[in-house]
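# Observations on chain architecture
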Amino acid sequence: ALRIAYTSNPYPAPKKSQAMSAPDHDLAVLFADIAGSTSLYERIGNAAALAAISRCLEMAAETAKGHGGRLVKTIGDEALLLFSTADDAVEAAGEIQRRMADSAGGNDLRLGFRIGLHHGAAIESSGDVFGDAVNVAARMVGLAKRGQVILSQATMGRLAPSLAARVRELDR
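The model shown is predicted, which means the values in this text are computed figures rather than measured ones.

## Brief notes about the packing of helix H1 (residues 37-44) against helix H2 (residues 46-66)
The interhelical angle for the contact between H1 and H2, taken along N-to-C directions, is 140°, at an axis separation of 7 Å. It follows that H1 is oblique to H2 by the angle criterion. For the pair H1 and H2, the sense of crossing is right-handed. Where H1 approaches H2, its residues Ser 37, Leu 40, Tyr 41 and Ile 44 are matched on the opposing element by Asn 46, Ala 48, Ala 49, Leu 50, Ala 52 and Ile 53.

See below:
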């Protein structure tokens, strides 16, 4: 079953005096990190593991695109994805997890995504994204377990009621 949870943001947003200056705008930032990749390299070797991980990252990027998002970059076994709304990001996160679960049934790779996301202020520059939303999303993915999506409480507050009803508070 898909597990989506939110956490009270243990990392407060910057105070107004510390806030980023323009041209920041609100974006949903999603990190999708492949759990199990280190042991995969050990089990099946570099070339086969890289191919499997690349397929997973391509699937995440394709899924994001289908929900109005885009791949900013990959960092090893992790994808950084951007969306204009929290709803689009959460829908994409759920689909990424479902697609991974569906594909895991027919193989022994034991891979899965840990996903963290946050909707907030960010700056897009030179094809990359920076700012508070990126930092908080990175912390959220650090809290997630394989097959889980973690979002900040602030992001939870931006979800449509139909999506918010499917999310539970972490550790409850």
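## Description of the nonpolar core
Judged by nonpolar contacts, the single largest core of 35 residues is most densely connected at Leu 30, Phe 83, Leu 111, Phe 113, Ile 115, Leu 117 and Leu 159. Residue assignment for this core shows that the elements contributing at least two residues are strand E2 (25-35), H2, strand E4 (78-83), helix H3 (86-104), strand E5 (112-125), strand E7 (148-152) and helix H6 (161-164). Here Leu 111 is in contact with Ile 34, Ala 35, Gly 36, Ser 37, Leu 40, Ala 52, Cys 56, Met 100 and Arg 146, once residues within four sequence places are set aside. Membership of the second largest hydrophobic core comes to 12 residues, among which are Leu 27, Val 72, Ala 137 and Val 141.

## Here's the deal with the pairing of E2
Of all 11 residues that make up E2, nine are buried, and the element is covered over most of its length. By the bridge criterion, 11 bridges tie E2 to E5 in an arrangement that is antiparallel. Looking at the pairing, Phe 31 lines up with Gly 116 of E5. Alignment of E2 against E4, held across six bridges, turns out to be antiparallel. Residue Asp 33 lies in a different strand from E4, and its bridge partner there is Glu 78.

## A look at the environment of Leu 30
Along the chain, the position of Leu 30 falls in strand E2. Here the alpha-carbon distance between Leu 30 and His 118, two residues 88 residues apart in the chain, equals 6.8 Å.

## What to know about the confidence of the model for the protein chain
Considering every residue of the protein chain, the mean pLDDT works out to 87; 83% of them sit at 70 or more. The element-level mean pLDDT for the protein chain is lowest in strand E1 (residues 3-7), coming to 62, with E4 highest at 97. Counted against residues more than four places away or in other chains, residues 14-22, with its pLDDT under 50, gives nine contacts.

Analysis parameters
- Residues numbered from 1 in each chain as written.
- Predicted model: local features only at pLDDT ≥ 70, side-chain atom pairs only at ≥ 80, totals over all residues.
- Heavy atoms only, no water.
- Axes fitted to C-alpha atoms, helices over the stretch in contact; angles between N-to-C directions.
- Helix = DSSP H or I, 4+ residues; strand = E, 2+ residues; numbered from the N terminus.
- Parallel < 35°, antiparallel > 145°, perpendicular 65-115°, else oblique.
- Left-handed = near helix turned anticlockwise from the far one by under 90°.
- Contact = heavy atoms within 4.5 Å.
- Core = buried A, V, L, I, M, F, W, Y, C linked by side-chain atoms within 4.5 Å.
- Buried < 20%, exposed > 50% of the residue type's maximum accessible area, 1.4 Å probe, protein only.
- Pairing = 2+ DSSP bridges.
- pLDDT = per-residue confidence, 0-100.

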